[in-house]
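# Topology and contacts: notes
The chain contents come next:
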Amino acid sequence: MASASLVGGAALGPAFEKVFSILYETVKDVITTTCMFESILERLKSTIDVLEPLVNEIRRSNRELDRPEEVIKGLIEKMEEGEKLVRDYSKLPWWKYLMRYRYAKKLSKLEDALCLFFGLELPVLNTRNVLETLKGVNDIRARMNLVGLNGGLLCAIPAPPDFPVGLDFPLKELKLQLLKDEVSMLVLTAPGGCGKTTLVKMLCHDKQIKGIFKDNNIFFVPVSNTPNLKVIVQKLFRHKVDQVPEFFSDEDAINQLEHLLNQIGQNHSTFLPTPAPQNNPILLILDDVWSGSESLLEKFAFRIPNYKILVTSRTSFPRFSFTYKLKPLNDEDAMVLFRHSATPQDGSSYIPGGDTVKMILKFCGGFPLALKVIGSSLCGKPEGVWRSRVMEWSNSDHSFLSSSTSSDLLVCLQRSLDFKDDEIIIKKCFLDLGSFPEDQRIPVAVLIDMWSELHELDEDGIHAIANLHEIAIRNLANLVVTRKNVSAVDNCEDFVLQHDLLRELAIHQSSLEPIEQRKRLIMDISGNNLPKWWTEQRQQPINAQLLSISTDDVFSSSWCNIQPPKVEVLVLNFQTKNYMLPEFVDKMNILKVLVVTNYGFFPAELGNFQILKSVPSLKKIRLEKISIPSLCKAPVRFTSLKKISLFMCNIGQAFRNYTIQVSDIFPKLLEINIDYCKDLVERSRDAFPRFCFTYKLQPLNDKDAMTLFRHSASLQDGSSLIRDKDIKKILNVCRGFPLALEVIGRSLCGKSAEVWHSRVKKWSTGRSILNSHRRLLDCLQKSLDFLDDEVIKKCFLDLGLFPEDQRIPVAALIDMWAELYELDEDGIDAVANLHELTSRNLASLVVARKDTSDHLRKYYSEDFVLQHDLLRELAVHQSSQEPIEQTKRLIINIRGNNLPNWWTENRQPIGAHLLSISTDEMFSSSWCNIEPSAVEVLVLNFQTKNYKLPEFVGKMDKLKVLIVTNYGFFYAELGNFQLLESVPYLEKIRLEKVSIPSLCKDPIQLRSLKKISLFMCNIGQAFRNCTIQVSDALPNLMEINVDYCNDLGELPVGLCDIVCLKKLSITNCHKLSALPEEIGKLENLEVLRLKSCTDLPELPESIRSLHKLSILDISDCLSITKLPKHIGELHNLKKLHMEGCLRLRNPFPPSTKNLDQLELVTCDEEGAKLWKPIILTNLQVEVVGKDNNLNWLPVQDF
């Protein structure tokens, strides 16, 4: 029942629950008070009795989950009618048989409707909701797995291996042994680098295994050489539940895990959000378990039916009965894998024949890791290098087939580290990877920070990334890029993974010299067992430049003293809840980078932080999963710090309890990175004196201001003729404000030196803008002097008509500007102006979908504009320079019912051409009268559930464009719609998130209306109960746009009588299931757009009559299976967009060959195959790739 409530609650709201309850109580009452227990009433009551618990569960889930209501109008109306029928039925005298029969028949239909809905319609709705929910959950889970939330690798199944070789037969054997009834724990053993984990990945993705265990009941846990039992169990819990318990001990963790796994295999759960199937098999994979871990494995060996454990290890663990030993590759498979690794992607590499490759294969001994690494190291090398390497390796006489030990493999892999002299930096970077714990993700951002100081690579990470790619190419590590956008320059979520044997190789190579002479000192501490050399060291300094110390969950922060005067990078890895920075840090006089990472499950308290004040050269700090102490309580100053990065940290206390200003703590800080810090709450222009804790961000210093300004003004190459003296004067005006620097820099970009000098002379008399944003507005105002095109300047000012921090639809701007400035109706000029404003940093144009076809079809309905609130203020400020009566652009923001004084006192007509009125959720639609006789564009922004058009709209004799937008969460009822009949020149209406009243019930005629756009509206009533023909109400309508109107099931037939209609766009209306046959009457229709109408199964055959149709868009119509039989009669069709029609896979009708004017078809690859047999002279078939982003989503969810 819980699942029904969770899903059904998404569809059924309070209105449904209320009317169901009334009906239920009425039937009960009538049965108990009526003398004769009528069979129909008893049957209806029995039906409702069965349904009542389900409705109660839905009601409860709605309260708990705060579900928005979706209207189930038809069923609600039937139940309301049923309640009245029951009441009336009970009052009928016994002798009125005929009337009682009629009522009984109606009640029987009500019973059938209830049964049909709960038996068929609700399960279908639930199924769709479940699929949508699962898709969303899978997307989120995949994203979380990439980012690595809550530390370390979670328990999801790893991706399948890219190029597995020689593992098909071992997979069959392993699977056969694992599935035996008597096997509860199976140990997969082989030396390191033999392919154990690769084989397990293949097993996880095997169809039979996935069918038995299901994806969600296969747990994959890397264990490593220092396992933390509580962390492992916490990861297993996180794989199944949202709330992860905190365990008091290892025993407590194991007990709770056993309880969880028991619940997964049964039909109920105290942990899981939904019931698990009965007898649900579970597979726990413990990867990379080290020698001596038998006791750990025994703790996971629960007596649970259908529960199996698969262990991978270099050790066979004789204590356990069932073992599968993976053998190295045979010669044939080894050759295939080696050739694959030694051949570039273009296949151009020369691989020597004869004994050269055979000798190398002998050295590798069939170990896949050795084959891949050494093959990659030789990839692209000339034959001479190959022979030289073979001769060199032959002298060492190392064949390790017989020993099968990891040390032998290390010797083999070591040979792959032969780099050229100019590649030594790559070897150093590889060795640095050993500084991080085994089986953990290594953040790319950390490596960039380290390598920019250690190896003098660039701060932006370009060279670091290049080195990582080179390391990955050689199979020495894996670079994982979480965002595939090639234009992305942000590496904050990218990471590196490395095989544990390769990590051992890096550590081995770094430890060939004595402790005191090593340049890279890497220590793994188990418990409190410090290395002997550390405890015995007597004041002899170590020379390491990089020091890495990893401790486990029982380390007590008891440090011994060392002398680390040359350490430049310190990496501290730990797992405890409390961690103290070691005292010897204050002796690190040249320390530049500090990386502190908590690999435990919960954030840790970091102590001894104040010791960092003694480190004079510290430039960069990165903290992960740390509770940051107050940085302001003790007078700690980081005089050299330039960059601080906080990942998954608790930073709520970091800037509290001031005894020193933050700007004094970080006087030279240039960069702050905060990622996944969930307790970071507030940012504001205002300081909010009522609240004690504030961080005040300072303007840029002169150097950074110069850098940003030169970038914005395109002066980076240093070849500019602009005098530094002029630039410095402009910087003085901007006073370090990034927005001012960007906007004014962009406005001067490309101007002559004379113009620069003239502007500087004009601005030099200005005052400092440092103290208030009003002065910043004055500064920005100067940038508008360079909007040479007066129309573009007006377009910028028009953006102020829309509320702060809201998306501005491009389609609305096109409508406005076509009328105000005589720009083209298709929006080409408007979008060009928006691009110009964006290039000047005065706004941001966001193109929701990057599909090539969208550009070709001039389709802007999902694009929008964003604007900084300060730039909006600039637009409003510029528009309000004249008196109210004279301003051309009047923008009014009303709070509550507090109208401006001038409005209540005004007796004169206002001269504005554009009028914008924004009200909040408290406004009661109590308008005062004004005289807006010159208004051509009216923009109304509101947030209430009921909204009335103001009476003065009826006096707008010149009004051409009306835009009404509801920024509240729910649909709003729009009143006073009939006023629009009095507006003689109204040509365009755009309504957003509005319930449209009937347009035809009252004889309202909008004779001048040419275009109507409805976005996220309820339009089910708009064309019902007509007392006037739609064609008479809208006699000159030429364009209809309907977008995201979810209650549109069928296109009203009356719209097909508007014969002057040229454009009909119905997009993202997912419930649209049919177009009327009468659509063929639209003889003047030129554009028919049906994009993303996912339930639309077909186009009517009458479409053949649309002889003027030039553009047809059915892209993403998932249910369309065929084109109309006579589509070839669309003799004027030039463009057909059909990408995303996943079910349109049948051959096209023969008449398709008659589309002589067809110039462009956009489709996916499968669709392109269907067009191959069709030969048309001018046809170009373009395969469109999707741009998968979420920009197109509406601002608020429904």
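First, a word on what this report is: a plain description of the structure on this page. All of these numbers come straight from a predicted model, not from anything done at the bench.

## Points about the overall build of the protein
Each helix and strand counted, the protein has 35 helices and 37 strands in total. Relative to its 1198 residues, the protein shows a buried fraction of 52%. As presented, the protein carries roughly 56100 Å² of accessible surface, and 51% of it is formed by carbon and sulfur atoms.

## A word on the sheet that holds strand β16 (residues 626-627)
As summarised here, the arrangement of the three strands in space is β12-β14-β16, forming an open sheet in which the pairing is parallel. Only two strands of the sheet have a single neighbouring strand rather than two, namely β12 (578-580) and β16. Both strand β14 (residues 604-607) and β16 contribute to a ladder of two bridges, which runs parallel. Bridged to Glu 605 within β16 is Ser 627.

## Observations regarding helix α29 (residues 810-820)
The buried fraction of α29 is high, at 11 of 11 residues. Those residues of α29 lying buried are Val 810, Ala 811, Ala 812, Leu 813, Ile 814, Asp 815, Met 816, Trp 817, Ala 818, Glu 819 and Leu 820. With its phi angle positive at about 60°, Glu 822 sits one or two positions after the end of α29.

## Comments concerning unusual backbone geometry
A positive phi angle is found at Asn 306, which is not glycine, with a value near 60°. According to the relative accessible area criterion, Asn 306 is partly exposed, its value standing at 40%. The phi dihedral of Glu 822 is positive, around 60°, even though this residue is not glycine. Along the chain, the position of Glu 822 falls in the loop between α29 and α30 (828-839).

## Brief notes about the packing of aromatic side chains
In this structure the tally under the stated criterion is 23 aromatic pairs. Look at Phe 574 and Tyr 579: their rings are 4.0 Å apart centre to centre, the planes differ by 10°, and that puts the pair in the stacked class. There is no split in this pair, since Phe 574 and Tyr 579 are both buried. Among the aromatic residues, those joined into a ring-pair cluster are Trp 533, Trp 534, Phe 555, Trp 559, Phe 574, Tyr 579 and Phe 584. For Arg 807, the ring lying beneath its charged end belongs to Phe 864, and the centroid distance is 4.1 Å.

## Observations regarding the side chain of Glu 438
For Glu 438, the position within the fold is in the loop between α17 (424-432) and β6 (442-443). There is no salt bridge for the buried Glu 438, and the closest opposite charge comes from Arg 503, which lies 4.8 Å off by N-O distance. If near-sequence neighbours (up to four positions away) are discounted, Glu 438 is found in contact with Ser 224, Asn 225, Asp 288, Trp 290, Asp 500 and Arg 503.

## Here we look at the sheet that holds strand β27 (residues 972-975)
Taken in spatial order, the three strands make up an open sheet running β25-β27-β29, and their pairing is parallel. At either margin of the open sheet sits one strand with a lone partner, and together these are β25 (946-948) and β29 (994-995).

## Description of the nonpolar core
Residues Leu 915, Ile 1066, Ile 1114, Met 1138 and Trp 1171 are the most contacted members of the largest nonpolar core, which totals 96 residues. Residues within four places of Leu 915 in sequence aside, it is in contact with Leu 890, Ile 892, Ile 930, Val 935, Val 937, Leu 938, Val 939, Phe 952 and Met 956.

## Focus on the pattern of salt bridges
Evaluated as defined, the whole model comprises 24 salt bridges. Across the salt bridge formed by Glu 931 and Lys 955, the nearest N and O atoms sit 3.8 Å from each other. Of the two residues, Glu 931 sits in the loop between β23 (914-919) and β24 (937-942) while Lys 955 sits in the loop between β25 and β26 (961-966), which places them 24 residues apart along the sequence. With a relative accessible area of 32%, Glu 931 lands in the partly exposed category. Residue Arg 990 pairs with Glu 992 through a salt bridge whose shortest N-O separation is 3.5 Å. Glu 992 shares its class with Arg 990; the two are buried. Because the salt bridges share partners, they merge into one network encompassing Glu 453, Glu 459, Lys 619 and Lys 620.

## Quick word on the pairing of strand β10 (residues 546-551)
Across the six residues of β10, six count as buried, placing the element largely inside the fold. Judged by which residues are buried, β10 turns out to be covered on both faces: Leu 546, Ser 548 and Ser 550 on one side and Leu 547, Ile 549 and Thr 551 on the other are all buried. Here six bridges tie strand β9 (residues 520-525) to β10, and the two strands are oriented parallel to one another. Counted as the bridge partner of Ile 522 is Ser 548 from β10.

## Describing α17
Among the residues making up α17, those that are buried are Ile 426, Cys 429, Phe 430, Leu 431 and Asp 432. Buried-residue contacts for α17 involve α18 (444-454), α19 (462-473), α20 (500-510), β9 and β10.

## Brief notes about the packing of helix α12 (residues 331-342) against helix α14 (residues 368-378)
Interaxial distance between α12 and α14 falls to 7 Å at its minimum, and their mutual angle equals 35°. The hand of the α12/α14 crossing is right-handed. Along its contact with α12, which presents Ala 334, Leu 337, Phe 338, Ser 341 and Ala 342, the element α14 presents Pro 368, Leu 371, Lys 372, Ile 374, Gly 375, Ser 376 and Leu 378. Across the contact of α12 with α14, the residue classes break down as eight nonpolar, three polar and one charged.

Rules used throughout
Residues numbered from 1 in each chain as written. Predicted model: local features only at pLDDT ≥ 70, side-chain atom pairs only at ≥ 80, totals over all residues. Heavy atoms only, no water. Helix = DSSP H or I, 4+ residues; strand = E, 2+ residues; numbered from the N terminus. Buried < 20%, exposed > 50% of the residue type's maximum accessible area, 1.4 Å probe, protein only. Areas by Shrake-Rupley, 256 points an atom, 1.4 Å probe, with all protein chains shown as cover. Pairing = 2+ DSSP bridges. Phe/Tyr/Trp six-rings, centres within 6.5 Å; stacked < 30°, edge-to-face > 60°. Lys NZ or Arg CZ within 6 Å of the ring centre and 35° of its normal. Lys, Arg positive; Asp, Glu negative; His and termini not counted. Salt bridge = Lys/Arg side-chain N within 4 Å of Asp/Glu carboxyl O. Contact = heavy atoms within 4.5 Å. Core = buried A, V, L, I, M, F, W, Y, C linked by side-chain atoms within 4.5 Å. Axes fitted to C-alpha atoms, helices over the stretch in contact; angles between N-to-C directions. Left-handed = near helix turned anticlockwise from the far one by under 90°. Nonpolar A, V, L, I, M, F, W, Y, C, P; charged D, E, K, R; others polar.

It is worth stressing that arrangement in space is one thing and function is another; only the former is reported here.
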